[in-house]
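# Summary of the model geometry
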Amino acid sequence: MVLYLNKEEVIMYKILALFTGSAITLLVLSNAIMSASVGNPLAIVLNHVIGLFCAVILLVSTATKPKSLKNINIVYLLSGVTGFFTVLFANISFMELGATITLMIMMTGQIIASSTIDHFGILGMEKYPFSKYKLLGIFLMLLGVSLIILG
Amino acid sequence: MVYVFALLMGFTSIFSMVQNSALSKKIGLVNSSLLNYVTGLITATIFFVLTGKLSDFSGLSTMHFFGYLGGAIGLFIVFSSGFIVKNVSVIITSMLMYTGQMITSFVIDYFRGINFSPVKILGIILVIIGIYVNNYIDFRSKNKDAKAS
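This text gives an overview of the structure that appears in the document. Here the structure is a predicted model, which means the values were calculated and not measured.

What counts and what doesn't
- Each chain carries its own residue numbering, running from 1 in the written order of its sequence.
- All chains are assigned letters beginning with A, and all ligands numbers beginning with 1, in the order in which they are written.
- With pLDDT at 70 or above as the cut-off, local features in this predicted model cover only qualifying residues; side-chain atom pairs require 80 or more to be listed or tallied, and sums for whole chains, interfaces and linings still use all residues.
- Hydrogens and waters are ignored; side-chain quantities use all the structure's heavy atoms.
- One speaks of a salt bridge when a side-chain nitrogen belonging to Lys or Arg is within 4 Å of a carboxyl oxygen belonging to Asp or Glu.
- As used here, the term nonpolar core means buried Ala, Val, Leu, Ile, Met, Phe, Trp, Tyr and Cys residues forming a set that is joined through side-chain atoms within 4.5 Å.
- Only protein chains enter the accessibility calculation, which uses a 1.4 Å probe; a residue is then buried when its area is under 20% of its type maximum, exposed when over 50%, and partly exposed in between.
- Whether two residues are in contact is decided by their heavy atoms: any pair within 4.5 Å suffices.
- When two parts are put together, the accessible area they lose, computed with a 1.4 Å probe and summed over both, is reported as buried area.
- Strands are runs of DSSP state E lasting at least two residues, helices are runs of H or I lasting at least four, and both sets are numbered from the N terminus onward.
- Each residue receives one of three labels: charged for Asp, Glu, Lys and Arg, nonpolar for Ala, Val, Leu, Ile, Met, Phe, Trp, Tyr, Cys and Pro, and polar for the others, Gly being one of them.
- Two aromatic rings, drawn from Phe, Tyr or Trp (for Trp, its six-membered ring), form a pair once their centres lie within 6.5 Å of each other, and the interplanar angle then sorts them: stacked below 30 degrees, edge-to-face above 60, tilted otherwise.

### Side note on the pattern of salt bridges
What the rule picks out here adds up to one salt bridge over all chains. In this structure, B:Lys53 and B:Asp56 form a salt bridge, with 3.8 Å as the shortest nitrogen-oxygen distance.

### Some points on the nonpolar core
In globular proteins that are soluble, nonpolar side chains generally tend to be buried together. Membership of the largest hydrophobic core comes to 60 residues, with the highest contact counts inside it found for A:Phe94, A:Met104, A:Met107, B:Leu23, B:Met102, B:Val127 and B:Ile131. Apart from the residues lying within four places of it in its own chain, the contact partners of B:Met102 are A:Met104, A:Met107, B:Ile128, B:Ile131 and B:Tyr132. In terms of nonpolar packing, the next biggest core, distinct from the first, is built from 24 residues, A:Ala43, A:Ile44, A:Phe84 and B:Ala44 among them.

### As for the interface of chain A and chain B
Counting residues at the interface gives 109 residues for chain A and 110 residues for chain B. Both sides together, the interface formed by chain A and chain B hides about 10000 Å², and carbon and sulfur atoms give 79% of it. Seen at the junction of chain A and chain B, the total is zero salt bridges. Looking at the side of chain A that touches chain B, the elements with two or more residues in it are α1 (7–38), α2 (40–61), α3 (74–77), α4 (79–120) and α5 (134–150) of chain A. Looking at the side of chain A that touches chain B element by element, the count peaks at 35 residues for α4(A). Of the residues in the side of chain A that touches chain B, the class split is 73 nonpolar, 30 polar and six charged.

### Describing the packing of aromatic side chains
All names here are of chain A. Summed over the entire model, instances satisfying the criterion amount to seven aromatic pairs over all chains. Geometrically, the ring pair formed by Phe85 and Phe89 is tilted, given 6.0 Å between the ring centres and 35° between the ring planes. Linking Phe85 with Phe89, this pair stays in helix α4, spanning four residues, or about one helical turn. The exposure class of Phe85 is partly exposed, given its relative accessible area of 34%.

Written out as structure tokens, the structure reads:
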């Protein structure tokens, strides 16, 4: 756990995390609405144009200085490419499955991904070894996903 | 097949979150958000050139305004998740985000009038239990580590 922050700060970050989760669902909804109107390829382009526009406003308003990208791992630099695939998959799934089922299956994927990242300390994140008790949780999730798919 | 996309979306969303967090440590949150959209836009443009049509633009006139907000919401997510992960572990961040996501998705499906079969509802409940079991175990093992060190 985080030891160098005081309690109030940690709680603030946690509340922010809750809102960020909510925002992820709203983002999926927003993208799906656009995708339904103009098709997936154009929707993803426009989505990124709007996002880029907001990021530029943020850059100007905070007077952030550009930094050199030299010596930075290429995997870090390509976060936007991964983000593109997230939006693409999300739009397709949301239209067909609705919000809840899309998110349930996505969360199963997230648990698998974040457990793997935690276990190996991938991309410079701190290492948290995988506990075999977690297999119970993952088993329940996979069973749940199976029922969702079959039901 | 669409279920596979939903699962892959789980992988890519966590992976990009970690990438953004690592990148923001090196060049700051604003720069990393900007770069995130630049590389994403390049990828999306290539995808549009390969699979899209110019006539797609005509759909914009009838679109609900909420469709335009995606980019802004996305920026908030990129910005805040980079901010949170630097201070709280990935797993705690994920757990809280899951809760926010679930509540919001139930509300959306309710208003869209989407109904689920009893088997699907059972499946959803199992996934939710699984999420919290996992996170409880993570939470305990990490607390122990923190106390030991």
